[in-house]
Amino acid sequence: MAVLGYLMFGSELQSQITLNLPTNKFSSKLAIYTALLNPIAKYALMLRPIVDVIETHFPPHFEKSKCISYFTQTVLLGSSVIVAITVPFFGDLMSLVEAFLSVTASILLPCFCYLKIVGSFSKFSFEILIIGLTVLMGLI
């Protein structure tokens, strides 16, 4: 992506690709708003299972209350924003955690599941070698 950006914009290339897009075209505005909306929607989707687990610990008469649910979501969101503002280098830490989890979910887990399903890990083959190298690169 960086090479293509440099080839398109040369030395005028800015750190975020959306800053290089022309602002007067509809397609550029759509790309910028999509890039803006993506983290907001992703964060809400990521927060939902945590809220569900917290709500299971409430007494039974509070579990179905929309008001309590909204309050729980707001408190959780607000507390995470406060932590993000007060902890130095929080963005860098979250980037590292996300990179680790992404590699685990997209590279390591499918390889291990394939080996478990196939069950051919007891004999050495070229396929096992390739999967082993893929796992090794994912760990590095």
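Further up the page is the structure itself.
The structure contained in this document is the topic of the report that follows. The shown structure was predicted, so the numbers you read here are calculated from the model rather than taken from an experiment. (Residues numbered from 1 in each chain as written. Predicted model: local features only at pLDDT ≥ 70, side-chain atom pairs only at ≥ 80, totals over all residues. Heavy atoms only, no water.)

## With respect to a nonpolar patch on the surface
Together, Phe124, Phe126, Leu129, Ile130, Leu133, Leu136 and Ile140 make up an exposed nonpolar region whose accessible area comes to about 790 Å². Residue class for leucine 133 comes out partly exposed when judged on its relative accessible area of 43%. (Patch = residues over 30% accessible without salt bridge, like charges linked within 9 Å, V, L, I, M, F, W, Y side chains within 5 Å. Areas by Shrake-Rupley, 256 points an atom, 1.4 Å probe, with all protein chains shown as cover. Salt bridge = Lys/Arg side-chain N within 4 Å of Asp/Glu carboxyl O. Buried < 20%, exposed > 50% of the residue type's maximum accessible area, 1.4 Å probe, protein only.)

## What about the layout of surface pockets?
Considered as a void within the structure, the largest pocket measures approximately 590 Å³ in volume. Looking at the largest pocket, it is lined by 17 residues, and the ones nearest its centre are Tyr43, Met46, Phe90, Met94 and Glu98. Breaking the lining of the largest pocket down by element, the ones donating at least two residues are α2 (26–56), α3 (66–86) and α4 (90–118). (1 Å grid on protein atoms, 1.4 Å probe; cavity = no way out; pocket = protein on both sides within 12 Å on 5 of 7 lines; lining within 4 Å. Points joined across faces, edges and corners; volume = space filled by probe spheres on them. Helix = DSSP H or I, 4+ residues; strand = E, 2+ residues; numbered from the N terminus.)

## What about the pattern of salt bridges?
For the structure shown, the criterion picks out two salt bridges. Measuring nitrogen to oxygen at the nearest pair gives 2.8 Å for the salt bridge that ties arginine 48 to aspartate 52. Highlighted residues: arginine 48 and aspartate 52, both in helix α2, separated by four residues, approximately one helical turn. On the accessibility criterion, arginine 48 (33% relative accessible area) is partly exposed. Judged by its relative accessible area of 33%, aspartate 52 falls in the partly exposed class. Of the charged contacts, one joins arginine 48 and glutamate 55 as a salt bridge, the two residues approaching to 4.0 Å between their closest N and O atoms. For glutamate 55, a relative accessible area of 10% translates into the label buried. Among the charged side chains, a network of salt bridges with common partners joins Arg48, Asp52 and Glu55.

## Quick notes on the packing of α4 against helix α5 (residues 126–139)
Closest axis-to-axis distance for the α4/α5 pair is 10 Å, and the angle between their directions is 155°. Of the possible angle classes, the one that applies to α4 and α5 is roughly antiparallel. Where α4 crosses over α5, the two elements pack in a sense that is left-handed. Within the contact between the two elements, α4 uses Val103, Ile107, Leu108, Cys111, Phe112, Tyr114 and Leu115 and α5 uses Glu127, Ile128, Ile131, Thr134, Val135, Gly138 and Leu139. (Axes fitted to C-alpha atoms, helices over the stretch in contact; angles between N-to-C directions. Parallel < 35°, antiparallel > 145°, perpendicular 65-115°, else oblique. Left-handed = near helix turned anticlockwise from the far one by under 90°. Contact = heavy atoms within 4.5 Å.)

## Comments concerning the environment of threonine 34
For threonine 34, the position within the fold is in helix α2. Here threonine 34 falls in the partly exposed class, since its relative accessible area comes to 47%. Within the structure, threonine 34 has its side chain in polar contact with the backbone oxygen of leucine 30 (distance 2.7 Å). (Polar contact = N/O pair within 3.5 Å; in protein donor to acceptor, adjacent residues only side chain to side chain.)

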